[in-house]
Amino acid sequence: MHKLHEVFMREALKEARVAFEEDEVPVGAVIVHGNRVIARAHNQIERLQDPTAHAEMIAITSAANYLGTKWLNEASLYVTIEPCSMCAGALVLARVSHVYFGADDPKTGACGSVFDIANNKKLNHRILVTKGILQEEAGGLLSEFFRKKRTKTN
């Protein structure tokens, strides 16, 4: 695995830890353009009371604002968990070139696990997908979060 991918995924993991501390599902994302992080975000669903406030969605908006364009053709997303169908759809619409993610999402993943929106031949854009970058760390953070949630309710 290329070291630069780990560097960028570690940045996404930093965002996921911020979400964790804010009692949000710990998902973090960064968007990279020209080997520079141009956007970073974490889940803010609870804070904003907005079901669309996923890390990927916030990062897409931030990156488009930074670049001054709706197309993110030469940009890559690094995210700690496999994007859901909403996020994968938005990534296709934004024409992101590559998605790198840590842990698979066997319940809602839309980059190969449950659906494959990122590579659906019926859509006008397809995204290269690389999975498993720092998978144990990303998955471990999610497991810890939900373990704590279960112990609070019991």
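Here we summarise the structure given alongside this text. (Residues numbered from 1 in each chain as written. Predicted model: local features only at pLDDT ≥ 70, side-chain atom pairs only at ≥ 80, totals over all residues. Heavy atoms only, no water.)

1. Let's talk about the side chain of Glu56
Definition in use: Counting from the N terminus, the helices are the DSSP runs of H or I reaching at least four residues and the strands are the DSSP runs of E reaching at least two. Relative accessibility thresholds used throughout: buried, under 20% of the residue-type maximum; exposed, over 50%; partly exposed, between the two (1.4 Å probe, protein chains only). We count Lys and Arg on the positive side and Asp and Glu on the negative side, and we leave His and both chain ends out. In the sections that follow, a salt bridge refers to a side-chain nitrogen of Lys or Arg positioned within 4 Å of a carboxyl oxygen of Asp or Glu. Every residue pair with non-hydrogen atoms within 4.5 Å of one another is taken to be in contact.
Looking at the secondary structure, you find Glu56 in helix H3 (residues 55-67). Although Glu56 is buried, it forms no salt bridge, and the closest oppositely charged side chain is Arg40 at an N-O distance of 15 Å. Beyond its immediate sequence surroundings of up to four residues, Glu56 is in contact with Val27, Ala29, Leu77, Val79, Ile81, Pro83 and Cys87.

2. Side note on the state of the cysteines
Heads up, the rule is: Disulfides are defined as cysteine sulfur pairs within 2.5 Å.
Counting across every chain of the model gives zero disulfides. Free of any disulfide, Cys87 has its nearest cysteine sulfur in Cys84, 3.8 Å distant. Looking at Cys87, the relative accessible area reads 0%, which means it is buried. Lacking any disulfide linkage, Cys111 is separated from the closest cysteine sulfur, that of Cys84, by 9.1 Å. The buried category is assigned to Cys111, whose relative accessible area is 9%.

3. Some thoughts on unusual backbone geometry
Phi at Asp23 takes a positive value of approximately 65 degrees, unusual for a residue other than glycine. Residue placement: Asp23 occurs in the loop between helix H1 (3-21) and strand S1 (28-33). Not every positive phi belongs to a glycine, and Leu134 is a case in point at roughly 50 degrees. Along the chain, Leu134 falls in the loop between strand S5 (128-131) and helix H5 (135-153). Take Leu134: its relative accessible area is 14%, and that puts it in the buried class.

4. Some thoughts on the pattern of salt bridges
Pairing is possible between side chains that carry opposite charge, provided their charged atoms lie close to one another. Applying the stated criterion across every chain, the model contains ten salt bridges. Between Glu22 and Arg47 there is a salt bridge; the shortest N-O distance is 2.9 Å. In this pair, Glu22 is assigned in the loop between H1 and S1 and Arg47 in helix H2 (residues 45-48), connecting sequence segments 25 residues apart. With a shortest N-O distance of 3.8 Å, Glu144 and Lys148 are connected by a salt bridge. One end of the pair is Glu144 and the other is Lys148, both in helix H5 and four residues apart, which spans about a single turn. Taken together, the salt bridges that share partners define one network made up of Glu11, Lys14, Glu15 and Arg40.

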